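# Residue-level structure breakdown
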Amino acid sequence: QVQLVESGGGLVQAGGSLRLSCALSGGTFTNYDMGWFRQAPGKEREFVASIVWNGGSTTYAESVKGRFTISRDNAKNTVYLQMNSLKPGNAAVYYCNARVRGGSKNYWGPGTQVTVSS
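Residues numbered from 1 in each chain as written. Predicted model: local features only at pLDDT ≥ 70, side-chain atom pairs only at ≥ 80, totals over all residues. Heavy atoms only, no water.

Turning next to the state of the cysteines. A complete count under the given rule lists one disulfide for this structure. Between the sulfur atoms of cysteine 22 and its disulfide partner cysteine 96 the distance amounts to 2.0 Å. Disulfide cysteine 22-cysteine 96: torsion about the S-S bond near -85°, hence left-handed. Taken as a pair, cysteine 22 in strand β3 (residues 18-25) and cysteine 96 in strand β9 (residues 92-100) lie far apart in primary sequence, 74 residues in all. When sorted by exposure, cysteine 22 lands in the same class as cysteine 96, which is buried. (Disulfide = S-S within 2.5 Å. Helix = DSSP H or I, 4+ residues; strand = E, 2+ residues; numbered from the N terminus. Buried < 20%, exposed > 50% of the residue type's maximum accessible area, 1.4 Å probe, protein only.)

Here is the structure:
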């Protein structure tokens, strides 16, 4: 069964950087487009970034363009989110998402907390 585990969250000062990682197990990594979502307290979960199965295309929420970079290493079954120039408004629980190619089945990790101090 597919499992996703995020890591790399923590506390960072505004203007700082973090790199999140998400490792997939129990499935063939290249069967999945991967993405990152986040949810702040009292708010709906929102899309952050995604990357297709072979890394050939990426998509970003407008609010993070130019500051966040999504990438994947298919040899390591891992997707990354490099977050630079962090703002307090970026604080949230960040969730890794795997979506089967050509389908709508989604798998979610348990989330990792990102806290940004002002």
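Picking up after the structure, the text goes on.
Moving on: the packing of aromatic side chains. This structure, assessed with the given rule, holds three aromatic pairs. Residues phenylalanine 37 and tryptophan 108 carry aromatic rings whose centres are separated by 5.0 Å and whose planes lie at 70° to one another, so their mutual orientation is edge-to-face. Residue phenylalanine 37 is located in strand β4 (residues 32-39), and its partner tryptophan 108 is located in strand β10 (residues 106-108); the two are separated by 71 residues in the primary sequence. What makes phenylalanine 37 buried here is its relative accessible area of 19%. On the basis of relative accessibility, which here comes to 36%, the residue tryptophan 108 falls in the partly exposed class. Among the aromatic residues, those joined into a cluster by ring pairs are Phe37, Phe47 and Trp108. Here the guanidinium or amino end of arginine 45 rests over the ring plane of tryptophan 108, the centre of that ring lying 4.6 Å away. (Phe/Tyr/Trp six-rings, centres within 6.5 Å; stacked < 30°, edge-to-face > 60°. Lys NZ or Arg CZ within 6 Å of the ring centre and 35° of its normal.)

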